[in-house]
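A closer look at the structure
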Amino acid sequence: MTVPPAPSVSPPPKKDHRVQIVVAIIGACAAILAALIPVAISRFDDPEPTPSPTTATPTRDVTPIGDETPAGDDTPSADDPPETTAPGPDPALAVPEDYRGSWSGQVDWRPPLQGSYSTTLTISAGSVGAMVGQFSAQGDTCRGVLGLEAGGGPIVLRLRTTYDGGGCSSLADVKLTLDDDGDLRYELIAAQFPQGFVNQPAPPATGTLTRD
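Counting of residues starts from 1 at the beginning of each chain's written sequence and follows it residue by residue. Side-chain atom pairs in this predicted model are given and counted only at pLDDT of 80 or more, local residue features only at pLDDT of at least 70, and totals for whole chains, interfaces and linings cover all residues. Water and hydrogen atoms play no part in the side-chain values, which are based on all heavy atoms of the structure.

1. Quick notes on the environment of G133
Just so we agree on the cut-off: Going along the chain from the N terminus, every DSSP run of H or I of four or more residues is numbered as a helix, and every run of E of two or more is numbered as a strand. Residue contacts are defined here by distance: any two heavy atoms, one from each residue, within 4.5 Å place the two residues in contact.
With respect to the element layout, G133 can be found in strand β3 (residues 131-137). In the structure, G133 is positioned 33 residues away from R100 in sequence and 9.3 Å away in space, judged by C-alpha atoms. In this structure G133 touches T122, S124, V145 and L146, once residues within four positions along its chain are discounted.

Written out as structure tokens, the structure is:
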């Protein structure tokens, strides 16, 4: 018995893979475009972004140094009259002429203080605060300089001892007043001795000095 051969079947056609790859690429591009188009449209529709407050730089008014305007001009104009200052008193007149010269006399301590001492003052012209002469007391036992504390008449002198032969005050303030006879009324205001300060009774010593 003869067995018939199996019927022949034509092989299926081969698939073209290149076409599949092109189709896949086209599909992927379409999907990407579909996703990007809405995003692009939304970005064109949004208003411009506003800077964040944390990054914004505040502004302030600044005046350049060269543009500052002076508060006022104190320079006098040519039409302004010059200011004049009245002349003050002559410093030399702080010691009136009638007080100048050499004077001497005796000064008595007032009770309860006791005793007396002789003194000589040589007074010259000068201004307050300046040295205006010299003095001596008890002969040459005490010597020093005279400073003008108050002028015009009466005047107040500060006696500063520069030589102490024993028992002299280191400092003393004396008020001198010119009387009607042309003599000087001598009043000791206060004196500083090694033993202590003397200012009582007020004045603790008085005397009269005559011109030499």
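2. Quick word on the pairing of strand β6 (residues 171-178)
Inclusion rule: At least two DSSP bridges between two strands are needed for those strands to be called paired.
Two elements, strand β5 (residues 155-164) and β6, share six bridges in a ladder whose sense is antiparallel. Along β6, the bridge assignment pairs R160 with L171. Linking β5 to β6, which pair antiparallel, is a turn of six residues; within it G166 sits at a positive phi near 130 degrees. Here eight bridges tie β6 to strand β7 (residues 184-193), and the two strands are oriented antiparallel to one another. Residue pairing across strands places L176 opposite Y186, the latter belonging to β7. The antiparallel pairing of β6 with β7 creates a hairpin that spans five residues between the two strands, and G182 there sits at a positive phi of about 85 degrees.

3. A closer look at the side chain of S136
Note the following rule: Only protein chains enter the accessibility calculation, which uses a 1.4 Å probe. A residue is then buried if its area is under 20% of the maximum for its type, exposed if over 50%, and partly exposed in between.
Note on placement: S136 falls in strand β3. Given a relative accessible area of 16%, S136 falls into the buried group. The residues contacting S136, other than those within four sequence positions of it, are S118, T119, T120, C142 and R143.

4. Overview of the nonpolar core
The cut-off we apply is this: What is meant by a nonpolar core is a set of buried Ala, Val, Leu, Ile, Met, Phe, Trp, Tyr and Cys residues, joined one to another through side-chain atoms within 4.5 Å.
Ranked by size, the top nonpolar core spans 30 residues in total, and within it L121, I123, L157, L159, L176, Y186 and L188 carry the most contacts. Of all the secondary structure elements, the ones that give two or more residues to this core are β1 (101-109), β2 (116-123), β3, β4 (142-150), β5, β6, β7 and β9 (205-211). Examining the composition of this core, we find that five residues originate from one element, β7, more than from any other. Not counting residues within four places of it along the chain, the set of residues in contact with L157 comprises L121, I123, V132, L146, G147, L148, A172, D173, V174 and L176.

5. Topic: the pairing of β3
Most of β3 is tucked away: five of the seven residues are buried. Alignment of β2 against β3, held across five bridges, turns out to be antiparallel. Following the sheet pairing, L121 is matched in β3 by F135. Where β3 and β4 come together, six bridges link them in antiparallel fashion. Bridging from a neighbouring strand, S136 pairs with R143 of β4.

6. Digging into the packing of aromatic side chains
Applicable threshold: For Phe, Tyr and Trp, rings pair up if their centres lie within 6.5 Å, where Trp contributes its six-membered ring, and each pair is then called stacked (planes under 30 degrees apart), edge-to-face (over 60) or tilted (otherwise). Only Lys NZ and Arg CZ are tested; either one counts as a charge over a ring when it is within 6 Å of the ring centre and within 35 degrees of the ring normal.
Taken as a whole, this structure holds two aromatic pairs when the rule is applied. Ring geometry for W109 against F193: centres 6.2 Å apart, planes inclined by 55 degrees, an arrangement best described as tilted. One end of the pair, W109, is in strand β1; the other, F193, is in strand β7, and 84 residues separate them in sequence. Taken together, the aromatic side chains of W109, Y117 and F193 make up a single cluster linked through ring pairs. Here the basic side chain of R143 rests over the ring of Y163, its NZ or CZ set 4.3 Å away from the ring centre.

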